[in-house]
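Now for the letters of each chain:
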Amino acid sequence: MHSDNIQTSKSIQQETGRTFHLATRLLPERIRHPTYVMYAFFRVADEVVDQTDGPPPTVQHEQLEVIREAALGNVDPAETDHEAVMAAFQDLAERHDISEETINVFIDAMEMDIVQARYETFEDLREYMGGSAVAVGHMMTEVMDPPQKEEALPHATALAEAFQLSNFLRDVREDIHDYGRVYLPQETLERHGVTEEQLADAEVDDAFRAVMQEELARTDELYREGVAGIRYLPEDCQFGVLLAAVLYADHHRLIRDRGYDVLTETPELTRRRRLWLLARTWWHWRRNGDPEATFYTVSAVSERGPGETPTDAHGHGQPAWRG
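Residues numbered from 1 in each chain as written. Predicted model: local features only at pLDDT ≥ 70, side-chain atom pairs only at ≥ 80, totals over all residues. Heavy atoms only, no water.

Within the protein chain one finds 16 helices and zero strands. The proportion of buried residues among the 323 residues of the protein chain is 54%. Put simply, 70% of the contacts in the protein chain that link residues at least 6 apart link residues at least 24 apart. (Helix = DSSP H or I, 4+ residues; strand = E, 2+ residues; numbered from the N terminus. Buried < 20%, exposed > 50% of the residue type's maximum accessible area, 1.4 Å probe, protein only. Contact = heavy atoms within 4.5 Å.)

Now for the packing of aromatic side chains. Counted by the stated rule, this structure contains 15 aromatic pairs. The interplanar angle of 50° and the centroid separation of 6.1 Å between the aromatic rings of F239 and W285 together place this pair among those described as tilted. Pair noted here: F239 is in helix α14 (residues 235-257) and W285 is in helix α15 (residues 271-288), with a separation of 46 residues, a long-range link. Of the two residues, F239 and W285, neither departs from the other in class, the shared state being buried. (Phe/Tyr/Trp six-rings, centres within 6.5 Å; stacked < 30°, edge-to-face > 60°.)

Within the secondary structure, D81 sits in the loop between α4 (57-71) and α5 (83-95). When the C-alpha atoms of D81 and V66 are compared, they prove to be 9.4 Å apart, with 15 residues separating the residues in sequence.

A separate point is the nonpolar core. F41, F89, F106, Y128, Y223 and F295 are the most contacted members of the largest nonpolar core, which totals 77 residues. Residues in contact with F41, not counting those within four places in the same chain, are I67, A71, V85, M86, F89, F106 and I107. In this structure, V172, V211, L216 and Y260 belong to the second largest nonpolar core, which totals 16 residues. (Core = buried A, V, L, I, M, F, W, Y, C linked by side-chain atoms within 4.5 Å.)

Residues E120, E123, D124, E127 and E190 make up a contiguous surface patch of negative charge. Considering each element in turn, the negative patch owes the most residues, three residues, to helix α7 (residues 122-132). Tracing the backbone through its elements, the reader meets E123 in helix α7. (Patch = residues over 30% accessible without salt bridge, like charges linked within 9 Å, V, L, I, M, F, W, Y side chains within 5 Å. Areas by Shrake-Rupley, 256 points an atom, 1.4 Å probe, with all protein chains shown as cover. Salt bridge = Lys/Arg side-chain N within 4 Å of Asp/Glu carboxyl O. Lys, Arg positive; Asp, Glu negative; His and termini not counted. Charge placed at Lys NZ, Arg CZ, Asp CG, Glu CD.)

On to the confidence of the model for the protein chain, then. Per-residue confidence for the protein chain gives a mean pLDDT of 89; residues scoring 70 or more make up 89%. Note that residues 309-323 has pLDDT below 50 and, in this model, 33 contacts with residues that lie over four places away or in other chains. (pLDDT = per-residue confidence, 0-100.)

Glancing now at the packing of α4 against helix α6 (residues 100-115). One can describe the packing of α4 onto α6 by two numbers: an axis separation of 10 Å at closest approach and a directional angle of 170°. The angle between α4 and α6 falls in the class roughly antiparallel. Of the residues in α6, those touching α4 at P57, Q60, H61, L64, E65, I67, R68 and A71 are I103, N104, I107, D108, M110, E111 and I114. (Axes fitted to C-alpha atoms, helices over the stretch in contact; angles between N-to-C directions. Parallel < 35°, antiparallel > 145°, perpendicular 65-115°, else oblique.)

So, about α7. Every buried residue belonging to α7 is among F122, L125, R126, Y128, M129, G131 and S132, and all of these are buried. Between the side-chain oxygen at the start of α7 and the backbone nitrogen of E123 there is a gap of 3.3 Å, and the oxygen is on T121. (Polar contact = N/O pair within 3.5 Å; in protein donor to acceptor, adjacent residues only side chain to side chain.)

Moving on, we come to unusual backbone geometry. With a phi angle near 55°, D97 is a residue other than glycine that sits in the positive phi range. Position of D97 among the secondary structure elements: in the loop between α5 and α6. Residues other than glycine seldom take positive phi values, yet D145 does so here, at roughly 50°. Inspection of the secondary structure assignment puts D145 in the loop between α8 (134-144) and α9 (149-170).

A word on the pattern of salt bridges. For side chains of opposite charge, pairing can occur when their charged atoms come near one another. All told, the structure shown has 25 salt bridges when counted by the stated rule. For the salt bridge of R68 with E65, the shortest nitrogen-to-oxygen distance reads 3.1 Å. Residue R68 and its partner E65 are both found in helix α4; the two are separated by three residues, about one turn of the helix. The class for R68 is buried, based on a relative accessible area of 8%.

Of note, L153 is situated in helix α9. When its relative accessible area of 17% is taken as the criterion, L153 is described as buried. The spatial distance from the C-alpha of L153 to the C-alpha of G226 is 9.4 Å, given a sequence separation of 73 residues. L153 has contacts with H138 and T141, leaving out every residue within four places of it along the chain.

We now examine the packing of helix α3 (residues 29-49) against α6. Across the interface, α3 lies against α6 with an axial gap of 9 Å and an inter-helix angle of 20°. Our classification of the angle between α3 and α6 gives roughly parallel. Relative to α6, α3 is oriented so that their crossing is right-handed. Across from F41, F42, A45, D46 and V49 in α3, the residues of α6 making contact are F106, I107, M110, D113 and I114. Looking at the contact of α3 with α6, its residues break down into eight nonpolar, no polar and two charged. (Left-handed = near helix turned anticlockwise from the far one by under 90°. Nonpolar A, V, L, I, M, F, W, Y, C, P; charged D, E, K, R; others polar.)

Bringing α5 into the picture now. Taking 1.5 Å per residue, 13 residues should reach 18 Å; α5 reaches 18 Å between its end C-alpha atoms and fits that length. If you check which residues of α5 are buried, you get A84, V85, M86, A88, F89, L92 and A93. (Expected span 1.5 Å × (residues − 1).)

On to the environment of R273, then. By the element assignment, R273 lies in helix α15. With 26 residues separating them in the primary sequence, R273 and L247 have C-alpha atoms 9.1 Å apart. Those residues in contact with R273 that sit more than four places away from it in its chain are D250 and R253.

Following this line, the structure appears as C-alpha cells:
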C-alpha cells in the first residue's frame, strides 16, 4: 500500500476515533497499517449517512453505491471523493482476500441507516449489526489471519457487536437529536414504559435506568463471549484487541457512574483515563499473559457480578460458562 494513502487513512482515524486509534497503535505494523485503511473506509461510508444536514436519501444512496463499486474494484478510486482511502482499500481487499460478500453486507448496512431508524427487537438490531459491526470484525480477522480462524470468528462477531452496542448506549442522546435514530430496541423501551418523547426530553427516571441496565447486561455478556476468543489471535495482536475491549467497555463504567444518564450529556473517556487504562492493562498483561484474566481485572465488565444471573446475547438465562 502506498505510504501516502496509509497516512491519509491514519489521519482520519486520529481525528475521528481516538479510542480505537490508541488500541490500533499497539498492533504490529503488518496489522496496524491495514487497520488504519479499514477504519478510514468504514468512516467514509458512515459519514454519508451520518450528516446532521446531509443530502437527500437518493443522493446518499448514490454516494454509497459509488463507494461500494470502488471498494469492489469496479471503479477507479480517482473517480471518487476519497481517492487515497479507496485506493488503499482496493489494495488491502485484494491483498487479504476480503470477500465481495463482506463488502456488500457492510455497505448494505449503511444503506439501512438511510431508511430505517428504529429496531423492534434485539434480533432486528442484530441483523443491522451483522453489516455495520460484524462485517468489520470479520475483515479484521481476515487481516490478522489467525491459525484457528473458524474458532476465532464467533468470538470476533460477539466482540464487534459489543463494541457497537457500547457506542449505541453511549450515544443515545446524539442519535435521537442529531440523526432521529433510536438504537435501543423498541421492545425494551415498551417493556419498561419508556417513550421516545422521554428520550428526546432527556427525562432520566427509574424506568429509563432499567432499560439501560438491561441493555448494558446484554452487552457485558457479549464482551465476555468476545474476549474469550482473543487467545485464538496471533500473539502479537492480542494486546491491541484486548486494550480496545477494555477501552470500549469502560464506557459502561461512565454510564453507571452517571446514574445511567446518557440523555443530558454524552459520556466520553478522557485522554488521561485512556492512558491510565493502557498502563494498567499492560501491567496485568505482562504479569499473566492471559487476555481474559487481564480483562476481568482491569475492565468495567465483571467476570460474574455478585448475585448476577448470567444472560446470553438474546437476554435469556443460561448457565455460567467460560470459553
